[in-house]
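Now for the letters of each chain:
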Amino acid sequence: MTTLEIKDLHAEVANPDESGEPIKILNGVNLTIRSGETHAIMGPNGSGKSTLSYAIAGHPKYTVTSGSITLDGEDVLAMSVDERARAGLFLAMQYPVEVPGVSMSNFLRTAVTAVRGEAPKLRHWVKEVKESMSELEIDPAFADRSVNEGFSGGEKKRHEILQLGLLAPKIAILDETDSGLDVDALRIVSEGVNRYKERENGGVLLITHYTRILRYIQPEFVHVFVGGRIVAEGGAELAEELDANGYVRFTQTATAGA
Ligand SMILES: Nc1ncnc2c1ncn2[C@@H]1O[C@H](COP(=O)(O)OP(=O)(O)O)[C@@H](O)[C@H]1O
Ligand SMILES: [Mg+2]
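Quick notes on the rules
Residues numbered from 1 in each chain as written. Chains lettered and ligands numbered in written order. Predicted model: local features only at pLDDT ≥ 70, side-chain atom pairs only at ≥ 80, totals over all residues. Heavy atoms only, no water. Donors = N, O, S within 2.8 Å, 3.2 Å for Na, K, Ca; no water. Helix = DSSP H or I, 4+ residues; strand = E, 2+ residues; numbered from the N terminus. Buried < 20%, exposed > 50% of the residue type's maximum accessible area, 1.4 Å probe, protein only. Core = buried A, V, L, I, M, F, W, Y, C linked by side-chain atoms within 4.5 Å. Contact = heavy atoms within 4.5 Å. Salt bridge = Lys/Arg side-chain N within 4 Å of Asp/Glu carboxyl O. Pairing = 2+ DSSP bridges. Axes fitted to C-alpha atoms, helices over the stretch in contact; angles between N-to-C directions. Phe/Tyr/Trp six-rings, centres within 6.5 Å; stacked < 30°, edge-to-face > 60°.

S.K.: Let's hear about the coordination of the magnesium ion (ligand 2): which residues, and what values?
M.R.: Ideal coordination angles are 109.5 degrees for a metal with four donors arranged tetrahedrally and 90 or 180 degrees for a metal with six donors arranged octahedrally. Distances from the magnesium ion (ligand 2) to its protein donors, Ser50 (OG) and Gln94 (OE1), fall within 2.1 Å. Of the two residues, Ser50 sits in helix H1 (residues 49-57) while Gln94 sits in the loop between strand S6 (89-92) and strand S7 (99-103), which places them 44 residues apart along the sequence. Each member of the pair, Ser50 as well as Gln94, carries the same accessibility label: buried.

S.K.: Explain the nonpolar core to me, using residue names and the numbers behind them.
M.R.: Core analysis: the biggest nonpolar cluster contains 44 residues, and Met42, Leu164, Leu174 and Val224 have the highest contact counts within it. Here the element with the most residues in this core is helix H6 (residues 183-200); it accounts for six residues. Not counting residues within four places of it along the chain, the set of residues in contact with Leu164 comprises Phe90, Pro169, Ala172, Leu174, Val193 and Tyr196. If you look at the next biggest cluster of nonpolar residues, it comprises 28 residues, including Ile33, Ala55, Val76 and Leu91.

S.K.: Could you give an account of the pattern of salt bridges, naming the residues involved and the relevant values?
M.R.: This model, assessed by the stated rule, comprises nine salt bridges. Arg116 serves as the salt-bridge partner of Glu128, at 2.7 Å between the closest nitrogen and oxygen. In this pair, Glu128 sits in helix H4 (residues 122-135) while Arg116 sits in helix H3 (residues 104-116), placing the two residues twelve residues apart along the sequence. In this structure Arg116 comes out as partly exposed when scored by relative accessible area, which is 38%.

S.K.: So, the sheet that holds strand S12 (residues 229-234): which residues are in play, and what are the values?
M.R.: Strand order in the open sheet made by the six strands is S6-S9-S10-S3-S11-S12, with mixed pairing throughout. Only two strands of the sheet have a single partner each, and these edge strands are S6 and S12. Each neighbouring strand pair of the sheet contributes to a mean axis angle of 20°, computed without reference to strand direction. Two strands pair when backbone bridges link them, and strand S3 (residues 38-42) and strand S10 (residues 203-208) are joined in this way by five bridges, in the parallel orientation. Pairing of Met42 across the sheet is with Thr208, part of S10. Across the face of the sheet, helix H5 (residues 153-167) comes into contact with S6 and strand S9 (171-175) while running at roughly 170° to S6.

S.K.: Would you mind going over the packing of aromatic side chains in detail, with residue names and values included?
M.R.: Taken as a whole and judged by the stated rule, the model has two aromatic pairs. Judged by centre distance (5.0 Å) and plane angle (90°), the ring pair of Phe142 and Phe151 falls under edge-to-face. According to the relative accessible area criterion, Phe142 is buried, its value standing at 10%. Of the residues examined, Phe151 reaches a relative accessible area of 6% and is grouped as buried.

S.K.: Which residues make up the environment of Leu122, and what are the values?
M.R.: Its location among the elements puts Leu122 in helix H4. C-alpha separation for the pair Leu122 and Arg195, spaced 73 residues apart in sequence, amounts to 24 Å.

Quick look at the structure:
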């Protein structure tokens with residue numbers, strides 16, 4: 001049983017205009033995710049959802065100014081990016097990075113070796129990757145291609161889920177994993193996430209601004225994210241309401257209270 005606990009988290013990013021003040025993005029996020037739970041964070045563009053995922057994963061551009069993140073009581077903010085991954089945190093990024101010159105298969109093996117603490121036995125490994133790729137309907141030829149280089153949006157997202165399955169983290173943060181997917185890809189990717197949940201009893205934080213993916217991956221908890229914090233919480237029915245009415249009710253309240 002694992003618990004990721006985020007308390008009153010504030011974070012900012014350096015101003016692209018170097019003489020300007022840092023830009024405050026997260027304004028007091030409180031969120032607890034346990035093994036086996038699926039949480040959806042839904043919010044309009046620019047509300048700080050990706051920033052929250054970066055703060056958890058340890059992206060160097062985003063500075064946590066106050067608050068805490070702990071994983072089973074351990075201080076995540078004191079860990080390096082690698083240590084966070086080894087501790088069992090995984091982030092599927094909204095915009096996966098391209099790594100020219102590094103093949104997908106080398107990348108996966110290196111990542112898995114780092115996280116598991118030992119290199120997987122070659123024979124098992126080849127079989128494991130093959131099976132995982134076939135579950136996600138990824139062409140085996142992708143193993144030799146450079147990481148994400150020239151991949152379509154949907155191919156990048158499938159590879160994020162391939163990594164999720166192989167790395168088997170305790171808590172997975174999926175940032176807009178649904179964006180840019182056609183109906184078939186959405187189903188395949190969702191099935192990959194559900195398999196991960198079943199096999200690992202993982203905790204999932206699903207960041208999205210559409211409710212479409214929530215038909216395939218059912219969240220027990222839905223959080224509305226506006227202005228760098230959670231402004232409303234509920235169950236799956238809240239997602240239905242957002243689908244029907246949008247975020248206006250919440251953005252108006254947030255502005256009025258600011
Ligand atoms: N590196 C950055 N430099 C400047 N502004 C940033 C940076 N990262 C995020 N922001 C700003 O912070 C706000 C929140 O961004 P983001 O976390 O990507 O929102 P979301 O994922 O909810 O769309 C936006 O207004 C965005 O422009
Ligand atoms: Mg985003």
